[in-house]
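Residues per chain are reported as follows:
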Amino acid sequence: MGKKGCIKCGSSDAGQKEVAMTGTGLSKMFDIQHNRFLVVYCKKCGYSEFYNKNSSIAGNVLDFFFGG
């Protein structure tokens, strides 16, 4: 397996933040807690990937971002 890094530029300097997104219609009011995501982004080139916070991989998103 090759060196882990951003799939766009190869940098290993990544950040992570949690975001909430709304759906359409009534889900804007009622489903906000179900639309939480972790965003992992490359600090060098800005490439980003979104992961559902409720998924089983939420604790390992940096590994997935780097192809782990």
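Before reading further, recall that the structure is shown in the block above.
A brief report on the enclosed structure follows. (Residues numbered from 1 in each chain as written. Predicted model: local features only at pLDDT ≥ 70, side-chain atom pairs only at ≥ 80, totals over all residues. Heavy atoms only, no water.)

**Quick notes on the overall build of the protein**
If you tally the helices and strands in the protein, you get two helices and three strands. The helix and strand sequence of the protein, counted from the amino end, reads β-α-β-β-α. When burial is assessed residue by residue, the protein has 26% of its 68 residues classed as buried. Contacts in the protein between residues at least 24 apart in sequence constitute 46% of all its contacts with a sequence separation of at least 6. Working note: accessible area of the protein is about 4600 Å², and carbon and sulfur atoms make up 53% of it. (Helix = DSSP H or I, 4+ residues; strand = E, 2+ residues; numbered from the N terminus. Buried < 20%, exposed > 50% of the residue type's maximum accessible area, 1.4 Å probe, protein only. Contact = heavy atoms within 4.5 Å. Areas by Shrake-Rupley, 256 points an atom, 1.4 Å probe, with all protein chains shown as cover.)

**A closer look at the pairing of strand E3 (residues 48-52)**
Only one face of E3 is buried, namely the one carrying Glu49 and Tyr51, since none of Ser48, Phe50 and Asn52 on the opposite face is buried. Both strand E2 (residues 36-42) and E3 contribute to a ladder of five bridges, which runs antiparallel. The residue of E3 that forms the bridge with valine 39 is phenylalanine 50. Hairpin connection of E2 to E3: five residues between the antiparallel strands, including glycine 46 at a positive phi of 90°. (Pairing = 2+ DSSP bridges.)

**Some thoughts on the packing of aromatic side chains**
Overall, the coordinates contain two aromatic pairs when judged by the stated rule. Aromatic side chains phenylalanine 65 and phenylalanine 66 sit 5.3 Å apart centroid to centroid with 75° between the ring planes, which places their arrangement in the edge-to-face category. The exposure class of phenylalanine 65 is buried, given its relative accessible area of 2%. Three or more aromatic residues joined by ring pairs make a cluster, and in this case those are Tyr47, Phe65 and Phe66. (Phe/Tyr/Trp six-rings, centres within 6.5 Å; stacked < 30°, edge-to-face > 60°.)

**Thoughts on the nonpolar core**
Counting residues in each nonpolar core, the largest one holds nine residues, listed as Cys6, Ala14, Leu38, Val40, Cys42, Tyr51, Val61, Phe65 and Phe66. Per-element tally for this core: the top contributor is E2, with three residues. Residue contacts for valine 61: discarding those within four places in its chain leaves Gln16, Leu38, Val40 and Tyr51. (Core = buried A, V, L, I, M, F, W, Y, C linked by side-chain atoms within 4.5 Å.)

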